[in-house]
Amino acid sequence: MSERDIFLQAIDLTDEARYAFLEKACGTDAELRRKVEALFAAHEQAGNFLSQPALEATGVFSHGENGTVFKRIPAEADHMPGEVLAGRYKLLEQIGFGGMGTVYVAEQSQPVRRKVAVKIIKMGMDTGQVLARFEQERQALALMDHPNIAKVLDGGMTEDHRPFFVMEYVKGDPLNDFCDREQLTVKQRLELFIQICHAVQHAHQKGVIHRDLKPGNILVCLYDGKPVPKVIDFGLAKALHQPLTDLTLHTGHDMVLGTPLYMSPEQAEVNNVDVDTRTDIYALGVILYELLTGTTPLEKQRFKQAAWDEVLRIIREEDPPKPSTKLSESNQLASLSAQRKLEPRQLTQLLSGDLDWIVMKALEKDRSRRYETANGFAMDVQRYLADEPVSAGPPSAGYRLRKFVKRNRGKVLAATLVLLALLLGMAGTLIGFVRAERLRQEAESARAQEEQQRRKAVSEQQRAEEGEKRAETARKRAEEQTAITQAVNEFLRDDLIGQADTDEQARAGQKPNREVSVRVLLDRAAQHVGEKFAEKPAIEAAVRQTIGETYRKLGRREEGLPHLVRSLELFRKLNSPDDRETLQVMNNLALMYKDMARYAESEALFNEALAGYQRVYGEESNPTQTVASNLASLYQHLDKFEQAEKLRRRRFEIMCRINGEDHELTVIACHNLADVLRDQKKLEEALPLTKRALEGFRNCYGPDHSGTMSAMNNLAVLYTQMNHPELAEPIMLELLASRRRVQGDDHPRTITAMGNLAAVYTTMQRYTDAQPILQDALARSRKVEGEDHPITIQLLGNYTSLLPKLNRYQECEPLLREYHDKQQRRHGAESQPTIASLINLGNCLLYTGKLEEAEKLLRQGATKLKKLTPDHWNVFRAQYLLGAVLLEQKKYAEAELFLITGYNGMKSREKAIPDRDKSFINNAIDRLIKLYTEINKSEEVMKWQKEKENLKKRILPNAKS
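Since this is a predicted model, take the numbers as computed values, not measurements. (Residues numbered from 1 in each chain as written. Predicted model: local features only at pLDDT ≥ 70, side-chain atom pairs only at ≥ 80, totals over all residues. Heavy atoms only, no water.)

Draft legend 1. View of the pairing of strand S11 (residues 226-231). In terms of strand pairing, strand S10 (residues 218-223) meets S11 through six bridges, oriented antiparallel. Across the sheet, residue Val220 finds its bridge partner in S11, namely Pro229. (Pairing = 2+ DSSP bridges. Helix = DSSP H or I, 4+ residues; strand = E, 2+ residues; numbered from the N terminus.)

As C-alpha cells, this is what we get:
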C-alpha cells in the first residue's frame with residue numbers, strides 16, 4: 001500500500017490502534033513509515049474539525065479524547081474568506097482541516113440570513129468513488145430530523161466542481177466537559193442522557209448506525225439557558241471508507257475502526273461484518289458509566305500500555321466493575337462527588353442498585369442481553385428518575401415493594417399506622433382463639449406436613465417445566481427480533497443506499513448516476529420486497545412498514561399506501577390484536593388514509609388503533625395520546641369540532657400535568673388545542689395559546705422544524721381571521737420561504753402556505769399580488785394532490801373568488817363551473833358550499849352576458865340559501881345579483897324589488913361583511929341609479945346618488961365584483 005492508502009485507512013484510529021496498524025502495514029520500510037507519520041503530523045495540526053463545535057475559531061486550545069491539549073493551527077486552505085458558494089454562502093474563516101476536507105464558518109444570505117458551517121472536499125480527493133459516497137451520505141443524513149442531532153442543511157458543488165456540505169452551526173462543549181464545568185447533578189446528567197438516547201433511536205429508525213459514539217461526539221449547547229445535547233459525526237468523516245450503514249468497524253483486511261474505550265465487543269472482532277444497532281447501545285452504556293463515575297469501564301492507562309491484540313481481547317472478554325464499585329475504589333471520589341454536588345458516601349449509595357443494573361445491562365458482552373433499542377435504554381433511565389421499577393433490575397417481590405414504598409411513602413406510613421391500631425385492638429381476642437386452636441393444629445400438623453412435601457415436589461417440577469417454556473419463548477422472540485432488525489438494516493444498506501454505488505448501478509444494467517436521489521433509490525428497492533422476503537413474512541412486514549412511512553414523509557402517498565396495507569395485513573396474521581407493532585402500523589396507515597382524503601377508512605382505523613393503545617399502554621401514556629391527537633386532527637378535517645376539541649383539551653391537560661408546561665409534548669398539545677379553537681371561531685381564546693405554542697416550538701426545535709412552521713401558519717391565519725392581515729403577512733412570507741427551503745416547492749404543505757399567503761393578500765385587497773401566487777399553488781396542487789383532493793378544491797374555490805375582483809370573468813367562468821361540479825359531488829346539491837358556488841357562477845355569467853342562465857342559477861341559489869341561512873348577508877347579496885341580472889334584461893319592476901331588498905339587507909348587516917366584500921353594497925347603489933335612470937325617475941336617481949355619497953364616508957367602493 002502507498003503512504004496515502006495507509007494514512008486514509010488509519011485516520012480514524014486512536015493512538016494505540018494506529019500504532020499497531022502502522023507496525024503491521026509499514027513493516028521494516030522506514031522511509032514509508034516516515035512519510036505516513038509526516039501525513040499524520042500535518043493532519044493533527046488541523047485538529048478534528050467535526051468533533052469540535054463549528055463555532056470554535058482557529059487557534060483555540062481544546063482537550064482531545066486522550067486528555068492531551070493541542071492547538072489548532074490552520075492548514076493551507078484552497079478557498080479564501082470572502083468567497084461565495086452557490087450564490088448564498090459567504091466563507092468567513094477556516095475552522096478546521098482534515099484528511100478529506102476543509103471546514104469554514106460561513107454566512108448564509110438567502111432565503112434567511114444566518115451563520116452555518118461549510119465542509120468542502122479537499123483538492124485531489126474528488127474521485128468518482130469519493131463523490132458517490134459523499135452524495136450517498138448526504139442523502140442518508142437528509143432523512144434525519146431531530147433536535148438532538150446536528151443537521152445537514154444543504155449541499156452543492158463549488159465552481160471547481162467539488163462537493164460541499166452545509167451544516168448546522170453548533171456552539172457547544174463535549175458532553176463530559178460541559179457536565180463537569182457546570183457541576184451538573186446526577187439527575188441533570190441523566191436527563192441529558194435521555195435526550196441523547198432519543199437522538200440515537202431516531203438515527204437507528206432511519207437505518208443509520210453511529211459506530212463511534214463518545215463524549216467528544218456529543219456537544220452540549222445552551223438554548224435559552226437550557227442544556228441541549230447535539231450528536232455529531234454521523235459518518236461525514238468516514239466518506240472515504242465503507243458506505244454509511246456498512247462495515248463500520250473496518251475498511252480493509254485486518255482493520256478495526258472505532259475508539260477502543262467505547263467500542264463494543266462485536267466491533268473488536270477483526271473483519272466482523274455483523275454489527276447492528278446494539279453496538280451503539282454498548283457505547284451509550286460506556287458514556288453513561290463515564291457520566292456517573294468520571295471514568296470509562298475499562299482503564300485508559302491499561303489500553304495505552306497493552307499491545308493492540310491485547311486491547312481487542314480485553315474489550316471482547318473482560319467484564320468491567322459496576323459503577324458503584326469503580327467509584328468506591330477511586331482515589332478521586334471526593335472531587336468527583338463535588339462535581340455532582342454530593343458527599344462521597346451519597347454518590348456511591350446513589351449508584352448502587354438501579355443505576356448499577358441499568359449501566360451493566362447496556363455493557364453486556366452478549367448483545368442479546370443488552371437493551372434492544374436506545375428508547376428502551378432511555379425508558380429505564382426515566383423509570384429510575386420516576387422511582388419506578390427498572391427492567392434491568394432483578395424482578396423480586398422485595399425489590400418491587402421497596403420501589404412502591406419509596407414512591408408512596410406517606411400513604412404507606414398512614415396505612416401501616418392504621419394496620420397497627422387494628423392489630424392491637426384484635427390482639428386480646430386473638431389470644432383466646434390461638435390457645436383454643438393450638439392443640440387441634442398440632443394434631444393436624446403431622447398429616448399436613450406429609451401432604452405438603454408431596455405437593456411441593458409436584459409444584460417444583462411444574463415450575464421448572466414452565467420456566468423452560470418461558471425461556472424458550474423468550475429466546476425465540478429475541479432471535480426473531482434480532483433477525484428482523486438485521487434484515488431491515490441489510491435492506492437499507494444493500495437494497496436502498498447500496499444502489500448509490502455507481503459500480504452496483506452498472507452491474508444492474510443502469511446508467512451510472514452519482515447524483516441519484518433518495519426517491520429513485522426507494523422506488524428501485526421497493527420493487528423487489530415481495531419476492532425477496534416471500535418466505536419471511538415478519539421481515540417483509542417490517543421492511544414494508546419502513547418503506548411505506550418513508551414514502552408518506554416524502555409526500556408520495558400512492559406509492560407508500562400498498563406497502564403499509566400489506567404490512568398491516570402481515571402483522572395481523574403474525575401477531576395478537578394488541579401487538580405493539582400491529583398497532584403502530586395501524587396508526588401509520590390511518591395517517592396515510594387521512595392524507596389521501598380517504599376519511600371513512602382513516603376514522604375507522606384510528607378508532608381501532610386508539611382502543612388498542614388504551615388497552616396496552618393506558619389512556620395517559622404518550623403513545624396513546626399521540627394516536628388520540630391524530631384522531632382529533634381527522635375530526636377537524638371532517639368538521640366534527642366538538643369531538644376534536646374534547647380530545648385536544650384532554651391531551652393538553654395530561655401533558656401539562658405529567659410533563660410540565662415547557663415540555664415538547666405539551667407544546668404540541670397546546671398548538672393542537674389552539675388550532676381546533678380557531679376552527680370554531682373561538683379566536684380570543686386561541687390567540688394566546690397559538691403564540692405560546694410558536695414560542696415553545698422555536699425553543700424546542702428551532703426555526704425549520706415542521707412543528708414551528710405549522711405554528712407560524714396557524715398564527716398568520718388567526719391574525720387574518722381577526723382582521724389583522726398586516727400582522728399575518730410577514731409571518732406568511734417567512735413561513736413560505738422555510739417551507740420551500742426545507743420541503744421543496746411541490747410539497748403539500750408548501751402549496752398550502754402559498755394558498756394562505758394569497759388569502760392574506762386577498763384580505764388586504766391586494767388582488768394583483770394574490771393572483772399569481774394562488775394560480776401557481778392551484779397548478780401544483782392539481783399535479784401533486786390530484787383534481788379531487790380537498791386542498792385542490794379549496795384553492796380552486798379561492799381562485800374563482802379572486803378572479804372577479806380583477807374583472808377576469810371570461811377566464812373565471814370555466815373554473816367556476818368545474819368548482820360547482822366538484823362541490824356538488826362532494827357535499828350534495830343542497831349544501832351551503834354548493835349553493836355558494838352556484839351564486840358565484842351566476843354572478844360570473846352576469847358579466848359574461850349569459851343572462852338567462854345567470855337568472856336561472858341566481859333564482860335557485862337565492863331561494864335555497866334563504867331556506868338554509870335566512871339572516872346571513874350572503875342571502876341579500878344573492879338577491880342583489882338577481883336584481884342586477886333582471887335589470888340587464890329590462891325587467892324593471894322585479895329588478896327594483898330585488899335590488900332594494902338586497903341593498904337594505906346588506907346595509908343592515910354591514911358589520912358582518914368582510915372589508916373585501918363591502919363593495920357589493922356600493923355596486924347595489926350603482927345598479928339602482930342605473931335602473932332609475934333608464935325608467936326616467938330623476939328624483940330617485942338623486943336620492944340614490946346622495947345615498948352613495950353617504951356610503952363613501954364609511955366605505956371606499958371597489959371595482960365591480
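Draft legend 2. Quick look at the packing of helix H23 (residues 599-617) against helix H24 (residues 622-637). At a minimum axis distance of 9 Å, the contact between H23 and H24 shows a crossing angle of 160°. Comparing their axes, H24 and H23 come out roughly antiparallel. In the packing of H23 onto H24, the handedness of the crossing is left-handed. On H24, the residues touching Tyr599, Ser602, Glu603, Phe606, Asn607, Ala609, Leu610, Tyr613, Gln614 and Tyr617 of H23 are Pro623, Thr624, Val627, Ala628, Asn630, Leu631, Leu634, Tyr635 and His637. Of the residues that constitute the contact of H23 with H24, the class distribution is 12 nonpolar, six polar and one charged. (Axes fitted to C-alpha atoms, helices over the stretch in contact; angles between N-to-C directions. Parallel < 35°, antiparallel > 145°, perpendicular 65-115°, else oblique. Left-handed = near helix turned anticlockwise from the far one by under 90°. Contact = heavy atoms within 4.5 Å. Nonpolar A, V, L, I, M, F, W, Y, C, P; charged D, E, K, R; others polar.)

Draft legend 3. Structural context of the nonpolar core. Grouped together as the largest cluster of nonpolar side chains are 124 residues, with contacts concentrated most on Tyr880 and Met906. Ignoring anything within four residues of it in the chain, the contact list for Tyr880 reads Tyr847, Phe898, Leu899, Gly902, Met906, Phe920, Asn923, Ala924 and Arg927. (Core = buried A, V, L, I, M, F, W, Y, C linked by side-chain atoms within 4.5 Å. Buried < 20%, exposed > 50% of the residue type's maximum accessible area, 1.4 Å probe, protein only.)

Draft legend 4. Spotlight on the sheet that holds S11. The antiparallel open sheet is built from three strands, whose spatial order is S9-S10-S11. Lying at the two open borders of the sheet, with one neighbouring strand each, are strand S9 (173-174) and S11. As paired strands, S9 and S10 are joined by two bridges and run antiparallel to one another. When the bridges of S10 are listed, Asp173 appears paired with Val220. Together, S10 and S11 form the strand contacts of helix H6 (residues 186-205), whose direction differs from that of S11 by roughly 35°.

Draft legend 5. Here's a closer look at the packing of helix H36 (residues 873-888) against helix H37 (residues 892-908). The N-to-C vectors of H36 and H37 enclose an angle of 155°; their axes lie 7 Å apart at closest approach. Comparing the axis directions of H36 and H37 gives the class roughly antiparallel. Crossing of H36 against H37: the hand is left-handed. Between H36 and H37, the residues in contact are Trp873, Phe876, Arg877, Gln879, Tyr880, Leu882, Gly883, Ala884, Leu886 and Leu887 and Tyr892, Glu894, Ala895, Phe898, Leu899, Thr901, Gly902, Gly905 and Met906, respectively. Classifying every residue of the contact of H36 with H37 gives 12 nonpolar, five polar and two charged.

Draft legend 6. Focus on the pattern of salt bridges. Going through the model one piece at a time under the given rule, you end up with 69 salt bridges. For Glu168, the salt bridge is made with Lys230, and the minimal N-O distance between the two is 2.9 Å. Here Glu168 is found in the loop between strand S8 (163-167) and S9, whereas its partner Lys230 is found in strand S11, with 62 residues between them in sequence. There is no split in this pair, since Glu168 and Lys230 are both buried. Between Asp745 and Arg740 there is a salt bridge whose closest N-O contact spans 3.5 Å. Note on Asp745: relative accessible area 37%, which makes it partly exposed. Judged by relative accessible area, which is 36%, Arg740 ranks as partly exposed. Shared partners join several salt bridges into a network, and the residues in it are Arg782, Glu787, Asp788, Glu818, Lys822 and Arg825. (Salt bridge = Lys/Arg side-chain N within 4 Å of Asp/Glu carboxyl O.)

Draft legend 7. Structural view of the pairing of strand S7 (residues 152-157). Both S7 and S8 contribute to a ladder of five bridges, which runs antiparallel. Bridged to Gly156 within S8 is Phe164. In textbook terms, the turn of a hairpin is the stretch between consecutive antiparallel strands, and for S7 and S8 this stretch comprises five residues, one of which, His161, has a positive phi near 65°.

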